[in-house]
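Chain residues, written in single-letter form:
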Amino acid sequence: MMFAVLAAAALVPAAPTISPREIDRAIAMGRYEQARIMIATAVGAGASGAAIERPLAALAAADGRHQEALARINALLVTLPDDALLLEQATLEAMRCGKNSDAIAFAARATARPDATWRAWNAKGVLADEAQDWAEADRAYGEAARLAPERPEVLNNLGWSRLLRGDWPGAGEALGRAAALDPSSARIANNLDLAQLGLAGDLPAP
């Protein structure tokens, strides 16, 4: 009888093991419903803590629930205060929530890390532009470009920063490089048009 019970139990398939990396990949590819199912499956298999809270925060951000995403990231930072990726995400979500003072603080912590990403430096540049701290903006975009020289987003933001200062040649140079990397971007093309108007003398200095 005991052998029969054990044999029957052996026929029951084990719950699939789902890694946080697989969930992150599903979210990155826009497969949000699949990600929700994977999170539920992982919870059912006993996963908890950061392994679940991280993808839940990423899913909330992807869904546009930025207040929820920021709250979840803040909770994670209590136990993981030096996590560079969490600090980067906190910076971006605070910016999306309009909490710029929080975003500035998160960006400072994120970029103080040796493993800071180009996204963290790029966000710091945007925040510096809003404060009209041009020296800090140049430093931040310089670091972002050093880490990711082929990212048109960085060059576009640098170009916009130069536009804000009336530096038409600097804007044209950065935006021309951005347009070469991403010729399909209407945003970059529009900014480049502004730079060229400035160079032609058709735009006043700020």
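Cut-off values and rules
- Residues numbered from 1 in each chain as written.
- Predicted model: local features only at pLDDT ≥ 70, side-chain atom pairs only at ≥ 80, totals over all residues.
- Heavy atoms only, no water.
- Helix = DSSP H or I, 4+ residues; strand = E, 2+ residues; numbered from the N terminus.
- Buried < 20%, exposed > 50% of the residue type's maximum accessible area, 1.4 Å probe, protein only.
- Areas by Shrake-Rupley, 256 points an atom, 1.4 Å probe, with all protein chains shown as cover.
- Core = buried A, V, L, I, M, F, W, Y, C linked by side-chain atoms within 4.5 Å.
- Contact = heavy atoms within 4.5 Å.
- Axes fitted to C-alpha atoms, helices over the stretch in contact; angles between N-to-C directions.
- Parallel < 35°, antiparallel > 145°, perpendicular 65-115°, else oblique.
- Left-handed = near helix turned anticlockwise from the far one by under 90°.
- Nonpolar A, V, L, I, M, F, W, Y, C, P; charged D, E, K, R; others polar.
- Patch = residues over 30% accessible without salt bridge, like charges linked within 9 Å, V, L, I, M, F, W, Y side chains within 5 Å.
- Salt bridge = Lys/Arg side-chain N within 4 Å of Asp/Glu carboxyl O.
- Polar contact = N/O pair within 3.5 Å; in protein donor to acceptor, adjacent residues only side chain to side chain.
- 1 Å grid on protein atoms, 1.4 Å probe; cavity = no way out; pocket = protein on both sides within 12 Å on 5 of 7 lines; lining within 4 Å.
- Points joined across faces, edges and corners; volume = space filled by probe spheres on them.

Colleague: Report on the overall build of the chain, specifying residues and quantitative values.
Modeller: The secondary structure content of the chain amounts to twelve helices and zero strands. Listing the helices and strands of the chain from first to last along the sequence gives α-α-α-α-α-α-α-α-α-α-α-α. Put simply, the chain has 206 residues, and 35% of those count as buried. Entry remark: accessible area of the chain is about 11300 Å², with carbon and sulfur atoms responsible for 59%.

Colleague: Describe the nonpolar core, and please don't skip the residues or the numbers.
Modeller: Core analysis: the biggest nonpolar cluster contains 16 residues, and Ile73, Leu77 and Phe106 have the highest contact counts within it. Of all elements in the fold, only helix H5 (66–79), helix H6 (84–96), helix H7 (100–111) and helix H8 (118–130) reach the threshold of two or more residues within this core. If we ignore the near neighbours within four places in the chain, the residues touching phenylalanine 106 are Leu70, Asn74, Leu77, Leu87, Ala90, Thr91 and Ala94. Grouped together as the second largest cluster of nonpolar side chains are ten residues, Ala178, Ala179, Leu192 and Ala195 included.

Colleague: An account of the packing of H6 against H7 is needed here, citing residue identities and associated values.
Modeller: Packing of H6 against H7 leaves a shortest axis separation of 8 Å and a crossing angle of 160 degrees. Of the possible angle classes, the one that applies to H6 and H7 is roughly antiparallel. Crossing of H6 over H7 shows left-handed handedness. In this structure, H6 contributes Leu87, Glu88, Ala90, Thr91, Ala94 and Met95 to the contact, and H7 contributes Asn100, Asp102, Ala103, Phe106, Ala107, Arg109 and Ala110. Of the residues that constitute the contact of H6 with H7, the class distribution is eight nonpolar, two polar and three charged.

Colleague: How would you sum up a nonpolar patch on the surface? Please name residues and give values.
Modeller: The grouping of Trp160, Leu164, Leu194 and Leu197 at the surface amounts to a nonpolar patch, some 310 Å² of accessible area in total. Mapped by element, the contributors of at least two residues to the nonpolar patch are helix H10 (152–165) and helix H12 (186–199). Tryptophan 160 gets classed as partly exposed once you look at its relative accessible area, which sits at 37%.

Colleague: With reference to specific residues and values, describe the side chain of glutamate 93.
Modeller: Examined against the element boundaries, glutamate 93 turns out to sit in helix H6. Within the local environment of glutamate 93, its side chain forms a polar contact with the side chain of histidine 66, the two groups lying 2.7 Å apart. Setting aside residues no more than four positions away along its own chain, glutamate 93 makes contact with Ala61, His66, Ala69, Leu70 and Ile73.

Colleague: Describe the layout of surface pockets, and please don't skip the residues or the numbers.
Modeller: Unoccupied space between atoms shows up once a probe the size of one water molecule is rolled over them. By volume, the largest pocket amounts to about 510 Å³. In this structure, the largest pocket is lined by 19 residues; those nearest its centre are Glu88, Gln89, Leu92, Arg96 and Arg119. If you list the elements that add at least two residues to the lining of the largest pocket, you get helix H4 (50–62), H6, H8 and H10. At seven residues, the largest contribution of residues to the lining of the largest pocket is made by H6. Residue composition of the lining of the largest pocket, by class: ten nonpolar, four polar and five charged. Here the residues of the lining of the second largest pocket sort into ten nonpolar, one polar and three charged.

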